[in-house]
Amino acid sequence: MNDDYEVDEELEEDVQEEKATRARGFNMDMRHRIEDRLEERRLKRELNDYEFFELEDDDVLH
């Protein structure tokens, strides 16, 4: 009977560890998505600053 309890306890630990691993993976995925969006917004703002100059295709900035 004690052996059954130990097996159940180990199984529960494995399930908890798997849930924690999935949660960390999900959190990292969300973090990367947020960082990508922030970078995209930053680049759009930067690009808008350059559009203010209304450069022609032939113009080159040095």
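As shown above, the structure is provided for reference.
Thresholds, definitions, all that
- Residues numbered from 1 in each chain as written.
- Predicted model: local features only at pLDDT ≥ 70, side-chain atom pairs only at ≥ 80, totals over all residues.
- Heavy atoms only, no water.
- Helix = DSSP H or I, 4+ residues; strand = E, 2+ residues; numbered from the N terminus.
- Buried < 20%, exposed > 50% of the residue type's maximum accessible area, 1.4 Å probe, protein only.
- Areas by Shrake-Rupley, 256 points an atom, 1.4 Å probe, with all protein chains shown as cover.
- Salt bridge = Lys/Arg side-chain N within 4 Å of Asp/Glu carboxyl O.
- Patch = residues over 30% accessible without salt bridge, like charges linked within 9 Å, V, L, I, M, F, W, Y side chains within 5 Å.
- Lys, Arg positive; Asp, Glu negative; His and termini not counted.
- Charge placed at Lys NZ, Arg CZ, Asp CG, Glu CD.

Trainee: Hey, could you run me through the overall build of the protein in this one?
Mentor: Of regular secondary structure, the protein possesses one helix and zero strands. For the protein, with 62 residues in total, the buried portion stands at 0%. Just so you have it, the protein exposes about 6600 Å², and 51% of that area is on carbon and sulfur atoms.

Trainee: Is there a simple way to think about the pattern of salt bridges in this case?
Mentor: When charged atoms on two side chains of opposite charge get close, those side chains can pair. The tally for this structure, following the rule as stated, stands at six salt bridges. In this structure, Glu 18 and Arg 22 form a salt bridge, with 2.5 Å as the shortest nitrogen-oxygen distance. Remark: Arg 22 and Glu 18 occur in helix 1 (residues 2–51); sequence separation between them is four residues, near one turn of the helix. Glu 18 gets classed as partly exposed once you look at its relative accessible area, which sits at 44%. A salt bridge links Lys 44 to Glu 40, with the shortest nitrogen-to-oxygen separation between them at 3.5 Å. Of this pair, Lys 44 and Glu 40 both sit in helix 1, four residues apart, which is roughly one turn of the helix. Here the salt bridges do not stand alone but share partners, grouping Glu 39, Arg 42 and Glu 46 into one network.

Trainee: What is the right way to read a negative patch on the surface from this model?
Mentor: Taken together, the side chains of Glu 9, Glu 10, Glu 12, Glu 13, Asp 14 and Glu 17 present a region of like negative charge at the surface. As for its position among the elements, Glu 10 is in helix 1.

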